Structures are given as structure tokens and as C-alpha cells.
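Chain residues, written in single-letter form:
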Amino acid sequence: MDTHVNGHDATGFQTLTERREAVEDVGRNCSANPTMGDIIRRRFSRRAFMSGSLAVAAISTTVSPLALLTAEDARAETGSAFDFAEVEAGVDGTHHVADGHEAEILMRWGDKVFADSPDFDPMNQTAEAQARLFGYNNDYVGFIPLDGNPDHGLLVVNHEYTNAELMFPNFARVVKEKKTKDGKPVVENGVEVEEEKVVLGDYTKALVDIEMAAHGGTVIEIRKIDGKWQPVLDGRYNRRITVATAMEITGPAAGHDRLKTSADPTGTKVLGTFNNCAGGVTAWGTWLMAEENVNGYFGGTLADDHPEFAQMKRMGIPGGQYAWASFYDRFDVSKEPNEANRFGWVVEVDPLDPASVPKKRTALGRMKHEGAESVVNKDGRVVFYCGDDERFDYVYKFVTAGTFNPDDRAANRDLLDAGTLHVARFDEDGTLAWLPLVFGQGPLTPENGFNSQADVLIETRRAGDLLQATKMDRPEDVQPNPKTGKVYVMLTNNTRRKADQTDAANPRADNAFGHIIEISEPDGDFAATSATWDVLLKCGDPSLAEVGASFSTATTRNGWFGMPDNCAIDAEGRLWVSTDGNNEKDTGRTDGIWAIDTQGAARGTSTLFFRVPVGAEMCGPSFNPTADTFFLAVQHPGDAGLATFENPATRWPDFRDDMPVRPAVVAVTRTGGGRIG
């Protein structure tokens, strides 16, 4: 297959946003394992109410739309853990934050990372310049204090992907074409329907190189001065990580034949990382970059009888949504099939050593990692949680073999190379089994094509299939709460759900709004192999009975949301949720940050704290240790309608005719200081 992108003809996709959606929507899990909807239906059909909030099955008959829409008066009586004036939901060209708080732009695409970085020139971009400037589409944001100072530290940021139509001048254009469905023209009243589309131009190696330099991540020192955060451009820790950064492959799969290439016959060295979505910061101050939709970067074809064909199909490889394979053989699976096996891992970076080599930790498995959030267990082992962000895929946790040493940072250096990866099976009686993915145990044997632990980890998805893990509705962030022993799983949506799969807890086919699962690890033992679970929230507009949302009745007309994506736990153990997919057409609101009560009478109450400009996704929620700063990432702003570099839906955050719309990290503080929210 020729993967060179010429307009939209070579790929069938018009914009990189459409390409990203296609990459996420592969849905390759063909196992017969039960879906989460099946489990929820069987469990909650036995009872009318969930603990602390109305059951989805009952809400449409017990709560009227009027009661839900006038819930502002009720909220004051619920004993909420939050106290701020709620933002009005809506859609416009800028951001909004709750009264009493300030939201300052901290870092934007193209901002300097080093004192000697070139000035950003959007009309004359180069890969050399981009490699020394803040990257594109900031997703995960983490903060690592320096010398224990909550007002001085390192900001670590993932740059997930690029929007070429918004990024490059004179590259995209709007054209009118005949609308098709299933390859056939759409006809209305005897006339073939036409529609306008954004079409990309011809890629060159120079443009691909800029894209590569805009991926990866940034480490930058920041400091609060006179109450305002600002970058320290001469900070000695400042660093850009790109697709060209040398990395080491470690853990059980390192050196395996399936990871060897012509450029790396050892199977232990690889260049770069990309499509890093969410992530995490470890207790010893390292940064975890989670590789997610890596399939879209590989082109070419692989024969059906190739030994890697089946597992690559399970990962959606090759996706061909980027033109990289046209200029670099390593991204062409027909030329270097093993290169794809070297992506889809969790990458550990030491921000305190800018000369250190990042490490791909294979013990955590290979999948479309949404993130890698962790907690130090009471026995000293460290537990990492992760969702495999695809419809009908699984939830995982990894438990280290060794224990965390708070007094010796170097002793924790390779904790992620040894331990046990588990996949979740949710049972209808409200229990959960964490099933170990260990070579030789159960079906993970040579008879099923696994000849080592390396094979199990390279094919983590297939191992989960064989262990009969529960197929989830696109699991994204999975966040442990060290104060309560709870774990929160963000399930964004499942638009592949068929009409015959609808049930009380999933009342709509083409489920667009998602839900949040709460796992209770027993006695706060995050390393346990069994737990219990419940549904915290079923998302969507609760004023529409047919939607079947389960927000508490104290949630206002501004407080409900759809498509939960990332989340954060603050210093007091409170849950904050960001979203991906809210828009004027589907929800009448942009994405944003919502504060969620998880305990007491207010459980299930959601309050809008921050909303993004039109076209943007809300990412990266992270606090400094004292929870008086909330770092947020605004990704792909202006990506709405027929948006191009010349005509974005907004010019946030600069609002200048000579500047394109720019993804950015925002620092939110309380006016006059104090705890957020």
C-alpha cells in the first residue's frame, strides 16, 4: 500500500482529528468475553438503587426533568466537599474558570523551552526549531517539586499528536464533494448531496520531520513569582523528548527476537516515543509517558501468513494515518515489521537527569496505554493502574516485585522491570478478580502461542482475551485514591454498542456518554488480587429520561457531562474529572473539568469548574502538592467545523491574526492564594 498522503485520497481521512478518531475506533477485540454492559446489566437488574445515588434503571421514573434542572437550590444541602461558584456550561472561543480563581497561560505550542531557543515563527517552521520549542497537543501534565518546594518544580508534559490542518500554513483547504455512505452517494429528493470537507495537501519530508519534533514531551522548570507561575528558561533540567530521542528497552521483553530490527539487532535500543496520552509521576520522582494510539504511525502491508499479522491486527497496525512511512522505512511494516512491537509501552523518564536515557518498561505490557497512575501500597510495593483505550478492551494493574525506598532514590531506579501485570474481570455479584498475566499459568502457554513472558507482554491484549477479562467501554484514566482505597476508572464511551446490547445500565445503542466505575480495594490493599466494584456515575444529560444518567439530583444543569477521560485526586482525596468529546452538537457544551463528590450525601454530585474554548479537549489535570495550583492542558483548541490554519474556530490563546490557534498548559490558582475549589 502506498502510504504517501496526497490530499485525502490515500488515507480516506480529511483531517488529523478524523484520523485520530479512526485510530481510536479500531475495536479489534473479537473475543467472546463478556462486556462491561453485560456485567452491569446482570448485577443491577437485581436491585433498584446503587449505593449513594439513583440507579440508572430507576432514574427516569423517579426524577423528573424539572427536578434535575432546578437542582441548584438542593446542592447547598448535600454537604459537598467543594465550595466554588459553578461555571456556566456553553460553547465559545475562550476558556472559563470558576469565580475566585485565575487561569494563566503557562506554556503554549512554540514557546521557548531553553534560553537559546529560537523565536516561534509559525509561517516558517523547521524541525530544528521545533525540537527546542514546546511541542504540540499537550496531554498529560505532571509536577515534580524541587527541594520539596510546592512553588518551584519541574513541569513534565506529554505531546500526544499533531493537527496538521491547524499547524501548517497553506496546507489544508476546504473543498465541496459528494457525500457518500458505505461507498455510495447519498441522495435526497433525487439529488446527490454535497458536503464541504477539509482536505490536506501533499506531505514532504520536512513537514513529517516537524511533526516528529512536535511529538514526545517536555521537561521545563517553573517557579511561582509574586503569585504567578512562569518558566525558568535557563533551568538546568529543561529538556525536549522527540521521536529522535535514543531510548532503552528494559524488562522481560528486552532483547527478544520480536523486538530486533535491522537498525537494532540487540532488541534493546529504540528511537523515540509518540502518541503519549496520559501518564504518571512515580513516588521517586520519575515521569511515565504512556504510548497509546501508536498504530496510526505505521504504514505498509503485512502478509496474512506473517507471524506478526494476527497480533498487529489486534492492535490495528498498520493504521496509516500519518505519512511517516513514506519517508522512514522503520514505520513501514512491510520493511521493518518488528519496529511496531517496540511501541505501545510505558516509558520512564528521569527529569532530574537531563542526560539520562528514557526506558521503555516492558513489564507493564504492550497496549494502547491511556496512562500509568500509581500508589505506594501499605507493604511498600508500588501499584500502577492503566486502561487500554479502545472500545471493548481491558483494565490493568501492575504490582512491583520490589518495594519503594523513600530514603534512597537510586534504589527505586528499576522497580518497574520486575513485577506482575494483572487484567480485570468484573463479576456480576460486585466482585472483581485481578488475573495475573504470567507465562505458564492458565492458558498462557506454548499451546496458545506464548513461549515466554516476553510473548505475553508483547501480546498483552491477546493474553487478556484468553484470561476472559471483561470488555470495557473504552477505559481511559484509572486513578487510585490513597486516602480511601478506592480506584476510579474513566470509561469514555462505546459507539460500537449494538441495539441488541442495550440494557438498564447501557440504555442506548451507540453509547456516546460513558460512565465511571469505582473499585474498592480491600482494606486499602492496592496489591490485592480481588476487590469490589460499583458504578459511581452514568454520564449524559439527566434531564432526558431516555439517556439514563445517574448524577445526583443536586447536580445542576451545568454540572452534568459526557465522555469522562482523565482524572486527578487532589491532596484531600477529592476527585476531579476531565472530558473528551463534549461539543455544541452533542451536549451543548465544551469539554472541561468537573469536581465530583464521591462520599456522603453528596455522592454523585458533579460541578463544572473549568471549560475549554471551542473545539478543544480537556487534558492533563494535575495538582502541586499543596493543591493551590491546578495544572490543566487544553488540547487541539479551534478544531471544530471546517477549521484550518488560516481559519480556526478560535485563535485562543493569543487572539492575534498573526498567530495560529495554539494548544497550551494553563495554571489555575485561587485569587489571593489558597486551596483550589
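Residues numbered from 1 in each chain as written. Predicted model: local features only at pLDDT ≥ 70, side-chain atom pairs only at ≥ 80, totals over all residues. Heavy atoms only, no water.

Observations regarding the pattern of salt bridges
And then number 1: A full pass over the atoms with the stated rule returns 46 salt bridges.
And then number 2: When the shortest N-O distance is used, the salt bridge between Asp 257 and Lys 260 registers 2.9 Å.
And then number 3: The class for Asp 257 is exposed, based on a relative accessible area of 54%.
And then number 4: When its relative accessible area of 29% is taken as the criterion, Lys 260 is described as partly exposed.
And then number 5: Here Arg 342 makes a salt bridge to Glu 339, at a shortest N to O gap of 3.0 Å. (Salt bridge = Lys/Arg side-chain N within 4 Å of Asp/Glu carboxyl O. Buried < 20%, exposed > 50% of the residue type's maximum accessible area, 1.4 Å probe, protein only.)

Observations concerning the packing of aromatic side chains
And then number 1: If you walk through the whole model with that rule in mind, you get 35 aromatic pairs.
And then number 2: A ring pair is formed by Phe 274 and Trp 324, whose centres lie 5.5 Å apart and whose planes are at 85 degrees; its orientation type is edge-to-face. Of this pair, Phe 274 sits in the loop between strand E17 (269–271) and strand E18 (276–281) while Trp 324 sits in the loop between helix H9 (309–315) and strand E20 (346–349), and the two are 50 residues apart along the sequence.
And then number 3: The class for Phe 274 is buried, based on a relative accessible area of 0%. (Phe/Tyr/Trp six-rings, centres within 6.5 Å; stacked < 30°, edge-to-face > 60°. Helix = DSSP H or I, 4+ residues; strand = E, 2+ residues; numbered from the N terminus.)

Observations regarding helix H8 (residues 205–214)
And then number 1: Within H8, 8 of the 10 residues are buried, which leaves it mostly tucked inside the rest of the structure.
And then number 2: Residues of H8 that are buried: Leu 207, Val 208, Asp 209, Ile 210, Glu 211, Met 212, Ala 213 and Ala 214.
And then number 3: Taken from the residues just after H8, Gly 216 is the one with a positive phi, measuring 100 degrees.

What to know about the pairing of strand E33 (residues 564–569)
And then number 1: Counted residue by residue, E33 has 6 buried out of 6 residues, so it is predominantly covered.
And then number 2: Summarising the sheet, E33 and strand E34 (residues 575–579) pair through 4 bridges and their orientation is antiparallel. Bridge pairing links Cys 567 to Val 577 in E34.
And then number 3: Connecting the antiparallel pair E33 and E34 is a turn made up of 5 residues, with Gly 573 showing a positive phi of about 85 degrees. (Pairing = 2+ DSSP bridges.)

Re the nonpolar core
And then number 1: Ranked by internal contacts, the top residues of the largest apolar core, which has 89 residues, are Phe 274, Phe 298, Trp 324 and Leu 437.
And then number 2: Considering each element in turn, this core owes the most residues, 5 residues, to H8.
And then number 3: When neighbours within four sequence positions are excluded, Trp 324 is seen to be in contact with Val 208, Glu 211, Met 212, His 215, Val 243, Phe 274, Tyr 297 and Phe 331.
And then number 4: Residues Phe 513, Phe 551, Phe 610 and Val 634 belong to the second largest nonpolar core, which totals 46 residues. (Core = buried A, V, L, I, M, F, W, Y, C linked by side-chain atoms within 4.5 Å. Contact = heavy atoms within 4.5 Å.)

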